[in-house]
Amino acid sequence: EYIGDLDPGTTVTICSPDDAWSGVNTFAIPSEQTPLKNSVDPLAHILKSDVTEIVNNTISATMNHVAAYGKMTINGFDGKSISSVKVELNGESENHTYTLDVAGLSEHTYWFATEAINVTSFTVTATVDDVLYSKTVDMEGKSKPLAFNIGKVSTFSVSDLQAVVVPEAPLFTSATADGA
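Residues numbered from 1 in each chain as written. Predicted model: local features only at pLDDT ≥ 70, side-chain atom pairs only at ≥ 80, totals over all residues. Heavy atoms only, no water.

### Concerning the overall build of the protein chain
- Looking only at helices and strands, the protein chain features 0 helices and 16 strands.
- Across the 180 residues that make up the protein chain, the buried fraction comes to 34%.
- Residue pairs in contact within the protein chain that sit at least 24 positions apart in sequence constitute 63% of those at least 6 positions apart.
- Put simply, the protein chain shows about 11,400 Å² of open surface, and 49% of that area lies on carbon and sulfur atoms. (Helix = DSSP H or I, 4+ residues; strand = E, 2+ residues; numbered from the N terminus. Buried < 20%, exposed > 50% of the residue type's maximum accessible area, 1.4 Å probe, protein only. Contact = heavy atoms within 4.5 Å. Areas by Shrake-Rupley, 256 points an atom, 1.4 Å probe, with all protein chains shown as cover.)

### Looking at the nonpolar core
- Counting 38 residues, the largest nonpolar core has Met72, Ile74, Val85 and Phe122 as its most contacted members.
- The contacts of isoleucine 74, once residues within four sequence positions are left out, are Ile82, Val85, His108, Tyr110, Val124, Ala126, Val158 and Leu161. (Core = buried A, V, L, I, M, F, W, Y, C linked by side-chain atoms within 4.5 Å.)

### Describing unusual backbone geometry
- Backbone geometry at aspartate 129 places phi at a positive 50°, although glycine is not the residue there.
- Its location among the elements puts aspartate 129 in the loop between strand 12 (121–128) and strand 13 (131–138).
- Despite not being glycine, aspartate 130 shows a phi value in the positive range, around 65°.
- Residue position: aspartate 130 is located in the loop between strand 12 and strand 13.
- For aspartate 130, a relative accessible area of 76% gives the class exposed.

### A short note on the pattern of salt bridges
- The tally for this structure, following the rule as stated, stands at 1 salt bridge.
- Linking lysine 37 and glutamate 107 is a salt bridge whose minimum nitrogen-to-oxygen distance equals 3.9 Å. A residue pair is termed long-range when its members are at least 10 positions apart, and lysine 37 in the loop between strand 4 (32–33) and strand 5 (47–55) and glutamate 107 in the loop between strand 9 (95–101) and strand 10 (109–114) qualify at 70 residues. (Salt bridge = Lys/Arg side-chain N within 4 Å of Asp/Glu carboxyl O.)

### Considering the side chain of threonine 123
- You can see threonine 123 is positioned in strand 12.
- Of note is the side chain of threonine 123, whose polar atom sits 2.8 Å from the side chain of threonine 136. (Polar contact = N/O pair within 3.5 Å; in protein donor to acceptor, adjacent residues only side chain to side chain.)

### With respect to the sheet that holds strand 16 (residues 162–163)
- Within the open sheet, the 6 strands sit side by side as 4-9-8-12-13-16. Their pairing is mixed. Every interior strand has two partners, whereas the edge strands, strand 4 and strand 16, have only one.
- Of the strand pairs in this sheet, strand 12 and strand 13 are connected by 8 bridges, and their pairing is antiparallel. Looking at strand 13, one finds that serine 121 is bridged to aspartate 138. (Pairing = 2+ DSSP bridges.)

### Side note on the sheet that holds strand 10
- Reading across from one edge, 10-7-15 is the order of the 3 strands in this open sheet, with mixed pairing throughout. The outermost strands of the open sheet, each flanked by one partner alone, are strand 10 and strand 15 (153–158). For this sheet the average axis-to-axis angle between neighbouring strands, irrespective of direction, equals 25°.
- Bridge count for strand 7 (residues 68–74) against strand 15 is 6 bridges, and the pairing is parallel. Looking at the pairing, threonine 73 lines up with serine 157 of strand 15. (Axes fitted to C-alpha atoms, helices over the stretch in contact; angles between N-to-C directions.)

### Let's talk about the environment of glutamine 33
- With respect to the helices and strands, the residue glutamine 33 is situated in strand 4.
- According to the relative accessible area criterion, glutamine 33 is buried, its value standing at 1%.
- Separated by 11 residues in the primary sequence, glutamine 33 and alanine 44 place their C-alpha atoms 7.0 Å from one another.
- Apart from residues no more than four positions distant in its own chain, glutamine 33 is found in contact with Asp41, Ala44, Tyr98, Thr99, Leu100, Asp101, Phe112 and Ala113.
- A distance of 2.9 Å separates a polar atom in the side chain of glutamine 33 from the backbone oxygen of proline 30.
- A polar atom in the side chain of glutamine 33 sits 2.9 Å from the backbone nitrogen of alanine 113.

Spelled out as structure tokens, the structure:
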């Protein structure tokens, strides 16, 4: 919050939410998000002013999105409760991973914010009734690419997630110093 007089020509940068601001023109999209039923986590819905004008000590700003958005549907878990979802987006030179706390959302369509990326593959891991299910999708050769662009919503769905087999703990035996 600023209280005081502003001179015409003063440069003002506005960011909402203010916690997203991490430096001059740098923003932190949260890696852990809690989406709402029909939108992204409010803390991941980041807006920044690109143009500001100061007239008679009043700021006029145009706000623009800083993040790209995903709207992902997970199929195959009707009647079951998904408590969390991990989304790993892999590009040619960058990767972005987000964990979504979706407990309490009854429908299996989840919104998230991400940095812009042209996806070469992605992995979705869902926790359903304390069991992990996962699927990796390679986008090579797919007729429709998956790309996330600033201020746009990319919609996609994932089916046929498979249970992740967690190996049982190894059995250890104790040997004496002489190997007996």
